[in-house]
Amino acid sequence: MGSYDWIFVGMGVLGAVLTSASWIPQIIKAVQSRQLRDLSWAMLGIFDLGSFCWLIYGIHRTDWIIIGANAFILTNVTSLILMKAFFRPRR
């Protein structure tokens, strides 16, 4: 590793943490309100599939930053998909 490579690893870790954590407020709001009608099925499905592809890529490359971030994102987005499927709109 070069003398400045740790900066890029740090940026990768920070990017992974921030993009992964960005789903947490949405999940909290969904659990509290049980309202997910504003979340598009297409967006959730495409994002979930994209995260799955990134996870497979990270596994192939044995890149733990990519693996960790996308495993966490995949779990979060899949939980939103399940909540959207099972939470019924309030009347």
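Keep in mind it's a predicted model, so treat the numbers as computed, not measured.

## Some thoughts on the overall build of the protein
Then, number 1: Assigned secondary structure in the protein consists of four helices and zero strands.
Then, number 2: The order of α-helices and β-strands along the protein, N terminus first, is α-α-α-α.
Then, number 3: In terms of overall size, the protein is more extended than a compact globule, its C-alpha atoms giving a radius of gyration of 16 Å where 91 residues would be expected to give roughly 12 Å.
Then, number 4: Considered along the principal axes of its C-alpha atoms, the protein spans approximately 60 × 25 × 15 Å.

## Focus on the confidence of the model for the protein
Then, number 1: Mean pLDDT over the protein stands at 92; residues scoring 70 or higher make up 97%.
Then, number 2: Ranking the elements of the protein by mean pLDDT puts helix α1 (residues 5-21) last with 93 and helix α3 (residues 41-61) first with 96.

## Regarding helix α2 (residues 24-33)
Then, number 1: I27, A30 and S33 are the residues of α2 that are buried. Along the long axis of α2, the arc covered by the buried residues comes to 150°, so they all point the same way. In α2, those exposed residues whose orientation departs by more than 90 degrees from the buried face are P25, K29 and Q32.
Then, number 2: For α2, the elements touching its buried residues are α4 (64-86).
Then, number 3: Count one or two residues on from α2 and you reach R34, which has phi positive near 55°.

Conventions adopted
Residues numbered from 1 in each chain as written. Predicted model: local features only at pLDDT ≥ 70, side-chain atom pairs only at ≥ 80, totals over all residues. Heavy atoms only, no water. Helix = DSSP H or I, 4+ residues; strand = E, 2+ residues; numbered from the N terminus. Rg over C-alpha atoms; globule rule 2.2 N^0.38 Å. pLDDT = per-residue confidence, 0-100. Buried < 20%, exposed > 50% of the residue type's maximum accessible area, 1.4 Å probe, protein only. Arc of directions from axis to C-beta. Contact = heavy atoms within 4.5 Å.

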